Amino acid sequence: METELGTETARIIIQAKGEEQVVPLSGSAITLGRAPENQVILSDARASRQHIRIEPRPGGWRVVDVGSQNGTFRNGRRIRSAPLRPGDVLTIGSTRITFDVGPSGAAGPRSTTSEMTVTESPPEPDTVGGPVTDALGKRLQCVAEVTNALNANPDASDLLDRIIDAAVELTGSERGFLILSGKEGMEFAAARNIEQQDLSKPEFEVSWSIAIQVGTRGESVLAVNAAEDPRFSKLESVESLGLLSVLCVPVKGSGRITGVIYVDNRLHLGAFSPDDQAVLGILADQAGIALANRTLMNDLVSKRNEVEELNKKLQSEVERQGSELSRIKSAMTPGGDDPYVGYRALLGGSARMDELRHLLQKVSATDFPVLVQGESGTGKELVARCIHANSGRQKEPFISINCAAIPETLLESELFGHTRGAFTGADRAKQGLFEAADGGTLFLDEVSEMSPAMQSRLLRVLQEGEVRPVGGKEPIQVDVRVVAASNRDLAGMVSTGEFREDLYYRLRVLPVTVPPLRERREDIPDLMTHFFRKHVTPEAPPKVDPEALDVLCSYAWPGNVRELENEVKRLSVLAGPVVVRTSISRNILEAGEMLVGKDSDFEDLNGLIEAIETREIRKALGKAKGNKTKAASLLGITRFTLQRKLDKYGVSFD
């Protein structure tokens, strides 16, 4: 935004045909033009009857073109309204008007008459030459400068504002808008005024009918007087907004219309000329290129980030597979210290675990596919390893893969391999996991997360016993036992069409269900001892106080054995040599309090209900930071019901 100067000693110096006139600016507006009612009368043939108004503004002076036919130029650039600075030269035809500040009379003796006669030949058409043509050339030079700036940094945060600021300056408009096509129609991207300030609520400031017409047809619109233009006079937006001069041009990029640049002037008729239309059209074309470049850069950055993320996942899986292959190479001989042999890795002496071990003995003796199902954290991969270690394939590889952790675009290559040049980046052939597990067992964890396309390919392998690498022409015979696992209800997914029915029955030849920890609570002491020895010291694991053990055994363990192991890790750091009740995690303690036994502190059901409701209300208020409406929503009750219970139980929250 340009700075305006003080009004104390301002004056204008008018020069024409060797004559000079000094007009002091005393603090009130003056008009200049050929009509006798102007304070300063110009006899220049190119001047309009009322050409410009020079008016005081807070902090300085401003020149306003009041609808002249041949235009007003400040320092060679056509303007509609602009602040005045010392040394600024206004050109009207062949008349020069210099704005000056300084001590009174410093300019020397000059004529003080308020009328000047400028004799000159009649004006020639703009197309022949003269100031207008020169100004157009300067404006085109300005477009070139703006274009260079936009293309130099298409990702600049102020790119959109710079486009509209340039549009306003080049056309001398009052306001400018950049409206781009979005997913839900045309949306404002920038809205600026002549002071280079943002406009609030721009959607109520323009004629949407004109903007949509230009954005749809791709043809620019120039309205000298929109209110009386037969094309627009019947539009409600034109009438309600009081629009006079409107110029709207399409913005094109990548071979399509991407939006419009819309400028207007609500004060003057005929504020825009065909030259303005041509210049703004050139700017719009360059803006379209800059916006297309920015979109392309954003897409490239997004794709690069996506590739980097996929590379990280792939690298993680490669490292895991490397560790797995290393473990296979150094696998212990059957019957040695391998915990999977003899199902010793399946800890617990409960009836449910005895049933599981008995079932696995029968399953391991065959080569049929196995479907292991159970909740998350129950140990499905451990069961798969036990099946392999006690089968006739125990000396061959056991390879596992989490189907949910690998993107679909990479999963096919991971499972079936690929040939060199099969896709971009495949600079060498790669063996798939089915080939790597030939003769052994392949464990497909979270098989329920496979896409329909991958389900179809897996079914083909199970049916024909052969794989075809990506990009390969010849199938490869493989001898692999497949053990699949899922924590989801595959039968339910089959009924809803999310999982192939034929694949489901191919995998579920031998179904195995791993029981959740809450159904074998009697195994918790043995599991805790095992985990303490594993993570603390094998010789002297911490003791568990009987009261603490009661709490741990009464907890539902939604995360199953994995959650129990994590709790043991925590206790090994925080509990000390003896695990007492107070050292247990708060969420386990609070959940355990709901299970009241014969030694309960409550004499009747009403007391128990009051205790539970009071505790849950306090928890909800804590999470909601005292907000009763949010707390009621967390509890699934109305705010009125919550307030009634607060009063009933005398609960307060600070």
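Cut-offs and rules
- Residues numbered from 1 in each chain as written.
- Predicted model: local features only at pLDDT ≥ 70, side-chain atom pairs only at ≥ 80, totals over all residues.
- Heavy atoms only, no water.
- Helix = DSSP H or I, 4+ residues; strand = E, 2+ residues; numbered from the N terminus.
- Buried < 20%, exposed > 50% of the residue type's maximum accessible area, 1.4 Å probe, protein only.
- Contact = heavy atoms within 4.5 Å.
- Areas by Shrake-Rupley, 256 points an atom, 1.4 Å probe, with all protein chains shown as cover.
- Pairing = 2+ DSSP bridges.
- Axes fitted to C-alpha atoms, helices over the stretch in contact; angles between N-to-C directions.
- Polar contact = N/O pair within 3.5 Å; in protein donor to acceptor, adjacent residues only side chain to side chain.
- Phe/Tyr/Trp six-rings, centres within 6.5 Å; stacked < 30°, edge-to-face > 60°.
- Parallel < 35°, antiparallel > 145°, perpendicular 65-115°, else oblique.
- Nonpolar A, V, L, I, M, F, W, Y, C, P; charged D, E, K, R; others polar.
- Core = buried A, V, L, I, M, F, W, Y, C linked by side-chain atoms within 4.5 Å.

K.L.:
Before we move on, could you go through the overall build of the protein chain and cite the residues and values that matter?
P.N.:
Counting its secondary structure elements, the protein chain contains 19 helices and 26 strands. Within the protein chain, buried positions represent 44% of all 654 residues. The long-range fraction of contacts in the protein chain, counting pairs at least 24 apart against all pairs at least 6 apart in sequence, stands at 63%. On the protein chain, roughly 33400 Å² of surface is accessible, and the fraction owed to carbon and sulfur atoms is 50%.

K.L.:
Talk me through the sheet that holds strand E20 (residues 441-445); I want residue IDs and the actual numbers.
P.N.:
The strand order across the open sheet built from five strands is E19-E20-E23-E18-E24, with neighbouring strands paired in parallel fashion. Of all strands in the sheet, those with a lone pairing partner are strand E19 (398-402) and strand E24 (510-513), marking the two edges. If you compare each strand with its neighbour and ignore which way they point, the axes differ by 20° on average. Pairing between E19 and E20: five bridges, direction parallel. Bridging from a neighbouring strand, Phe398 pairs with Thr441 of E20. Against the sheet, helix H6 (residues 351-364) touches strand E18 (370-373), strand E23 (481-486) and E24, its axis set at about 155° to E24.

K.L.:
Would you mind going over the side chain of Glu414 in detail, with residue names and values included?
P.N.:
Within the fold, Glu414 resides in helix H8 (residues 408-416). Glu414 sits in the buried class, given a relative accessible area of 4%. Side chain to side chain, Glu414 and Lys430 meet in a polar contact 2.2 Å long. Other than its neighbours up to four places away in sequence, Glu414 contacts Leu314, Glu317, Ile401, Ile406, Lys430, Gly432 and Leu433.

K.L.:
Can you lay out the packing of aromatic side chains for me, pointing to particular residues and giving the numbers?
P.N.:
Per the counting criterion, the structure on display carries seven aromatic pairs. Ring geometry for Phe416 and Phe434: centres 5.8 Å apart, planes at 25°, overall stacked. With a gap of 18 residues between them, Phe416 in helix H8 and Phe434 in helix H9 (residues 433-436) connect regions that are remote in the sequence. Neither Phe416 nor Phe434 differs from the other in exposure class; each is buried.

K.L.:
Outline the packing of H8 against helix H10 (residues 452-464), listing residues and values.
P.N.:
Across the interface, H8 lies against H10 with an axial gap of 11 Å and an inter-helix angle of 10°. Here H8 is positioned roughly parallel relative to H10, judged by the angle of their axes. For the pair formed by H8 and H10, the contact residues are Glu408, Leu411, Glu412, Leu415 and Phe416 on the first element and Ala453, Met454, Arg457, Leu458 and Val461 on the second. Considering only residue class, the contact of H8 with H10 consists of seven nonpolar, no polar and three charged.

K.L.:
I'd like a rundown of the nonpolar core, residues and numbers included.
P.N.:
Judged by nonpolar contacts, the single largest core of 32 residues is most densely connected at Leu415, Phe434, Leu442, Leu444 and Met450. Looking at this core, the elements that each hand over two or more residues are E19, H8, H9, E20, H10, E23, helix H11 (490-495) and helix H12 (501-507). Here this core takes five residues from H10, the largest share from any one element. Excluding residues within four positions of it along the chain, Phe434 makes contact with Leu415, Phe416, Leu442, Leu458, Val461, Val467, Val478, Val480 and Val482. Core analysis: the second largest hydrophobic core is formed by 30 residues, Leu160, Ile261, Ala284 and Ala287 among them.

K.L.:
Could you give an account of the side chain of Asp88, naming the residues involved and the relevant values?
P.N.:
Turning to its location among the elements, Asp88 is positioned in the loop between strand E9 (81-83) and strand E10 (89-92). Of the residues examined, Asp88 reaches a relative accessible area of 4% and is grouped as buried. In terms of polar contacts, Asp88 uses its side chain to reach the backbone amide nitrogen of Arg85, at 2.8 Å.

K.L.:
Summarise the sheet that holds strand E13 (residues 175-182); cite the residues concerned and give the values.
P.N.:
Across the sheet, five strands lie side by side as E14-E13-E17-E16-E15; this open sheet has antiparallel pairing. Two strands bound the open sheet, and with one partner strand each, they are strand E14 (185-193) and strand E15 (221-223). Neighbour-to-neighbour, the strand axes of this sheet turn through a mean angle of 20°, independent of strand direction. Sheet topology places E13 next to strand E17 (residues 256-265); six bridges connect them, and they run antiparallel.

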